[in-house]
Amino acid sequence: MNRCAVIGVGQTRYTTRRRDVSLAGLVREAALRALEDAGLTWKDIDAVVIGKAPDLFEGVMMPEAYLADALGAAGKPMMRVHTAGSVGGSTALAGASLVQGGVHGRVLTVAFEKQSESNATWALSTHLPFSASLVVGAGGYFAPHIREYIRRSGAPDHVGTLVAVKDRRNALRNPYAHLRIPGIDRAMVEATPMLWEPIRYLETCPSSDGACAMVLAAEDRLTGSVPAWVLGAAMRSEPIFRAGRDTVNPRGGRDCAADVYRQAGITDPRREIDVAEVYVPFSWYEPMWLENLGFAPEGEGWKLTESGATALDGDIPWNASGGVLSSNPIGASGMIRFAEAALQVRGMAGEHQVDGARRALGHAYGGGAQFFAMWMVGSDRP
Amino acid sequence: MIPRTRHVLEFPGGYTRTTGPVIGRFLTELRDRRLVGVRTATGRTLVPPLEYDPDTGDAVTGEFVEVGPAGTVESWSWAGSPRAGHPLDRPFAWALIRLDGADTSLLHAVDAGDVRAMRPGLRVRPRWRAERTGRVTDIECFVPEVTAMTASVRVEYTVTPGLALAHFLSGIARGVFLGSRCGSCGKVYVPYRLSCPECGVAVTEEVELPGTGTVTTFAINNLPDPRAPEVPFVSAYVLLDGADIPMIVLIGEIPAHEVREGMRVRAVWAPESGRGPSMDSVRWFAPTGEPDEEV
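Residues numbered from 1 in each chain as written. Chains lettered and ligands numbered in written order. Predicted model: local features only at pLDDT ≥ 70, side-chain atom pairs only at ≥ 80, totals over all residues. Heavy atoms only, no water.

Let us now look at the overall build of chain B. Counting secondary structure elements, chain B contains 2 helices and 16 strands. The C-alpha radius of gyration of chain B comes to 37 Å, more than 25% above the 19 Å expected for a compact globule of 295 residues. Viewed in the frame of its principal axes, chain B has a C-alpha envelope of about 100 × 65 × 35 Å. Within chain B, buried positions represent 37% of all 295 residues. For chain B, contacts bridging at least 24 residues in sequence account for 51% of all contacts bridging at least 6. Total accessible area computed for chain B in this model is approximately 17,100 Å², and 51% of it derives from carbon and sulfur atoms. Where the 31 positive side-chain charges of chain B centre and where its 37 negative ones centre are 8 Å apart. (Helix = DSSP H or I, 4+ residues; strand = E, 2+ residues; numbered from the N terminus. Rg over C-alpha atoms; globule rule 2.2 N^0.38 Å. Buried < 20%, exposed > 50% of the residue type's maximum accessible area, 1.4 Å probe, protein only. Contact = heavy atoms within 4.5 Å. Areas by Shrake-Rupley, 256 points an atom, 1.4 Å probe, with all protein chains shown as cover. Lys, Arg positive; Asp, Glu negative; His and termini not counted. Charge placed at Lys NZ, Arg CZ, Asp CG, Glu CD.)

Dropping the structure here:
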C-alpha cells in the first residue's frame, strides 16, 4: 500500500445560515482553501471525492452531478460517498484509498451540508407508510441508548453537562466553530430544557451550514506544505436490526478502532494518541465512545470525562476544535474530525493546538450508530 | 367648545422648482432609467448630485458618471404604519442606499416585505415606474436583490410494504404480532422478516408473539410528533415476550416520568372497527402492573 498524506485542509466558517453562497459556492470556498494550503490549483488534482448526508436535507438529488465542474472535476474521475452521518469520514477514506492503492497521486475530498436549506429532523422523520418505528429525529433515536448507557455505567447525571461545557469552551478557540457561547458553564447547560430526555438542548449539536475539504497526496506528489501522514484507516458497518446488537457499545465501532490501531501500531490508545477528534453529536457520546474506542474500560468512560482527562489541558484532549457539539454541517462533520486531526499533527490548529501532537485520531459514525469511519494521522512518516 | 374646521393652503398649479444643471441632469437620466452622480474635484462621486462639494464648497467638476442601479443599504428605519404621503401603502423601510460607484447615499424606500429582511449591507435594486417624468419617484422604491428562492419539491408515489412487512401488518390487522425464528441461530425477530441479518439465511418459521413485553430503554420526547401530538410522550424499546429484538413503540396510560427500564407493558389495540394493516392499529403500550423485570 502506498503512503498517503494530507497536504491541504480547507474549512468554511460554520454557521446557522450561509445565505450569501450557493451550494457550489460553499463547497468551492472550502476546496479553494484546501488547495491554497497545499499550494496547488484545480489542475493539479487527479480526482475528486465528494460526500454529504441524505439528499433530502437540501432537496437536491445527486448534488455531486451538479457540483462536479464547481470542483474542477470536469474530465476527471469524480464520485460521491454516502454513509449517513459518518459520510465525511468515509469520503476522506475513499479518497485516501485511491492514493494508497496507487490509482491517483492527488485527490481532493470535499464534504458539505447546508442545513438551512431545509430541516434535518424533518428529513430524518419522513414517516413512510407501513413503517413500524416511532422516532423523532436523531435525538429521538439516540436518547434511549444514552439512557441505557447511564443505567449500565451508573454515571452521574452531570457528566453530559461537563462534555457540553468543555466542547463549547474549546469552540471559543476555533475561529471556524459555529456555536460560540462566551461564559458557557454547567448552570447554563442545566438551565436548558430537555428535548429528548436525557438529552438537554445545550447537550445537542447545532444545525450548521458549512463545508470541509482536504487534499490527499501520494508520497511522490507532496508539495511544500507540512504533511499529516495517514497511519491507519478503516470503515465498519453493522446491521441496525440485529438481535443482540449492542447499541451502546457497537461492535462496528470497536472493530473499526481495533483495525486502525493495529495498522498504526497503537496498543494503548490513551497513552499513545495525543489528541482525538471524535464524532460526539450529543454530549453523552463522549463517555460512550471513550469506551467503544478503547480509551477507557467498559463502564468507566465517564470517569475519564469527569477527571478532566479529555479537556484541552488533559492528558488525552477530545474535540479540541469544539467538535460536532459546536459545529454540525452533518455531511461535513465527519470530515472536519479527520481534517482537525490532520491540523493537529501538522501543528496548524491555532489556538486549539495541542502542544506537540504527533498522533491524532479522527472518527465519525452515522445512521443508527451502525456506520463507522476512522483514521489515525501522524507527523512522522510511517 | 372651540370651533374647528379644515383648511387647504395650496399654490394653484404647484410651485415651480428649477433644478439647475446638475440635478436637472440627474432627473433627466432618471427619466431614462439611468442613475448618475457627479464627480467632485477630490474625485468623489455624489449621488444624488449637487452643484458643489458639500465638504469644501468648491464647484463640482461637471463630469457625470453612471452608478448603480444596485446599491447597499447603509442604514434604515422601518415605517410600520405608512401614511397617505408615503411612497408605499404597506410597511416599508426608509433607507440610506449607497449605489454602486457612489460615495454618498441616497434616501429612498425599500419594499422589503418584512422588517426582519432589513439589515445594513442589504443589497437592493430600483423598481422603476412604467411612466417616468423626471422625479425621484420615477423609482417607485428599491427592492432586495434575489438571494434565495423556494423550491417546491414534491414526490408522490405508490409504496408497497414488501412481502415480510405486509405479512406482519396482516397480523397487526387482526391484533397479533408476527415474528420469525432463524433456523440457524434460533433468534426470534419482530417485525416478521424473511432473512436473518446475523446468519444471512432465509427464515421460514413464523412465530406469533403475545402483546406483552418489557421496556428495555426509552426517551421522553418534548418535541411533538404528528403521531404523538401531546408532549411529553415516551418512545420506548419494548422487547416482546419471546422476541430477541426490541421494537420502538409509544407508551401510554402512565405519566412520562414514571416510565422505567424493566417496566412490564401490554399492547393497547385500537377498537376492532378501526384496525387495519397499519401500526396505527396499536394505540400504544400501557403498563400491565406486574413487577418490573430485571434489566
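That shown, we press on.
What chain A contains, in helices and strands, is 13 helices and 11 strands. Taking 2.2 N^0.38 as the reference for a compact globule, 382 residues should give roughly 21 Å; the C-alpha atoms of chain A span a radius of gyration of 19 Å, in line with that estimate. When the backbone C-alpha atoms are referred to their principal axes, chain A occupies close to 55 × 50 × 45 Å. Each of the 382 residues in chain A was classed as buried or not, and the buried ones make up 65%. Residue pairs in contact within chain A that sit at least 24 positions apart in sequence constitute 78% of those at least 6 positions apart. For chain A, the exposed area adds up to about 12,900 Å²; of that, 52% sits on carbon and sulfur atoms. When the 38 positive and 41 negative side-chain charges of chain A are each reduced to one mean point, those points stand 2 Å apart.

Taking the UniProt record as the reference, the feature "domain: Thiolase C-terminal" (unreviewed entry) is found at residues 246-369 of chain A. This span, residues 246-369 of chain A, is 44% helix and 9% strand, and a straight line between its end C-alpha atoms measures 10 Å. (UniProt positions renumbered as here; feature names shortened; annotations may be inferred.)

Judged by nonpolar contacts, the single largest core of 129 residues is most densely connected at Met214, Trp289, Leu293, Phe295 and Trp375 of chain A. For this core, the element with the highest residue contribution is helix α13 (residues 330-346) of chain A, accounting for 10 residues. Residue contacts for Leu293 of chain A: discarding those within four places in its chain leaves Gly253, Ala257, Tyr261, Pro269, Val278, Trp318, Leu361, His363 and Met374 of chain A. In this structure, Leu169, Ile220, Ile254 and Met279 of chain B belong to the second largest nonpolar core, which totals 33 residues. (Core = buried A, V, L, I, M, F, W, Y, C linked by side-chain atoms within 4.5 Å.)

This part is about the domain arrangement of chain B. Looking at the assigned domains, one finds that chain B contains domain 1 (20-144) and domain 2 (163-287). The distance between the C-alpha centroids of domain 1 of chain B and domain 2 of chain B comes to 66 Å. (Domains from an automatic or database assignment.)

Residues and elements named next belong to chain A. Under the counting rule described, the total for this entry stands at 2 cavities of 30 Å³ or more. The space that makes up the largest cavity amounts to roughly 40 Å³. For the largest cavity, the full set of lining residues is Gln11, Tyr14, Asn174, Ala177, Ser321, Gly322, Gly323, Ser326, Ser327, Ile336, Arg337 and Glu340. The set of elements that each furnish at least two residues to the lining of the largest cavity consists of α12 (323-326) and α13. Here the element with the most residues in the lining of the largest cavity is α13; it accounts for 3 residues. (1 Å grid on protein atoms, 1.4 Å probe; cavity = no way out; pocket = protein on both sides within 12 Å on 5 of 7 lines; lining within 4 Å. Points joined across faces, edges and corners; volume = space filled by probe spheres on them.)

This part is about the sheet that holds strand β1 (residues 35-39) of chain B. Pairing between the strands of a sheet is mediated by backbone hydrogen bonds and can be parallel or antiparallel. Residues and elements named next belong to chain B. Strand order in the open sheet made by the 3 strands is β2-β1-β3, with antiparallel pairing throughout. Looking at which strands have only one partner, the edges of the open sheet turn out to be β2 (45-46) and β3 (64-67). As defined by bridge partners, β1 adjoins β3 across 4 bridges and the pair is classed as antiparallel. By the bridge assignment for β3, Val38 is matched with Phe64. Here helix α1 (residues 20-31) sits on the sheet and contacts β1 and β3; the angle it forms with β1, its principal contact strand, is near 155 degrees. (Pairing = 2+ DSSP bridges. Axes fitted to C-alpha atoms, helices over the stretch in contact; angles between N-to-C directions.)

This part is about the sheet that holds strand β9 (residues 177-181) of chain B. Residues and elements named next belong to chain B. Here 3 strands make up an open sheet; going across it, the order is β10-β9-β11 and the pairing antiparallel. Single-partner strands in this sheet number two, and they are β10 (188-189) and β11 (205-209). Note: β9 against β11, 5 bridges, orientation antiparallel. Looking at β11, one finds that Leu178 is bridged to Glu208. The strands touched by helix α2 (residues 163-173) are β9 and β11; relative to β9, the strand with the most contacts, the crossing angle is about 140 degrees.

Below, the discussion takes up the layout of surface pockets. Its volume calculated, the second largest pocket comes out at about 1,500 Å³. Around the second largest pocket, the lining is made up of 41 residues, and of these Glu58 and Glu117 of chain A together with Met149, Thr150 and Ala151 of chain B lie nearest the centre. Residue classes in the lining of the second largest pocket are distributed as 19 nonpolar, 8 polar and 14 charged. (Nonpolar A, V, L, I, M, F, W, Y, C, P; charged D, E, K, R; others polar.)

Further remarks concern helix α8 (residues 251-264) of chain A. Residues and elements named next belong to chain A. Along its 14 residues, α8 runs 20 Å from first to last C-alpha, staying within 8% of the 20 Å computed at 1.5 Å per residue. Of the positions making up α8, those classed as buried are Gly252, Gly253, Cys256, Ala257, Asp259, Val260, Tyr261 and Ala264. Against the buried residues of α8 lie β8 (228-237), α9 (269-272), α10 (285-292), β10 (359-366) and β11 (371-378). Of the residues trailing α8, Gly265 is marked for its positive phi of about 70 degrees. (Expected span 1.5 Å × (residues − 1).)

Let us now look at the environment of Leu56 of chain A. All names here are of chain A. The topology assignment puts Leu56 in the loop between β2 (47-51) and α2 (63-67). Exposure remark for Leu56: the relative accessible area of 34% places this residue in the partly exposed category. Note: C-alpha distance between Leu56 and Ala120 (64 residues apart in sequence) is 8.2 Å. Beyond its immediate stretch of four places on either side in the chain, Leu56 contacts Met61, Ser118, Trp122, Ala123 and Thr126.

Moving on to the packing of helix α5 (residues 137-153) of chain A against α10 of chain A. When two helices pack together, you describe them by how their axes are tilted relative to each other and by the distance separating the axes. Residue and element names in this part refer to chain A. Between α5 and α10, whose axes approach to 10 Å, the crossing angle comes to 70 degrees. Overall, the two elements α5 and α10 adopt an arrangement that is roughly perpendicular. Between α5 and α10 the crossing geometry is left-handed. For the pair formed by α5 and α10, the contact residues are Phe142, His145, Ile146 and Tyr149 on the first element and Tyr285, Pro287, Met288 and Glu291 on the second. Taken together, the residues of the contact of α5 with α10 sort by class into 6 nonpolar, 1 polar and 1 charged. (Parallel < 35°, antiparallel > 145°, perpendicular 65-115°, else oblique. Left-handed = near helix turned anticlockwise from the far one by under 90°.)

To continue, consider the packing of aromatic side chains. Residues and elements named next belong to chain A. Under the criterion given, the structure shown has 18 aromatic pairs over all chains. Seen in terms of ring centroids, Tyr149 and Trp284 are 6.3 Å apart; in terms of plane orientation they differ by 55 degrees. Their pairing is tilted. Here Tyr149, found in helix α5, pairs with Trp284, found in the loop between β9 (275-277) and α10; they are 135 residues apart in sequence, far enough to count as distant. Classification of Tyr149 by relative accessible area gives buried; the value is 2%. (Phe/Tyr/Trp six-rings, centres within 6.5 Å; stacked < 30°, edge-to-face > 60°.)

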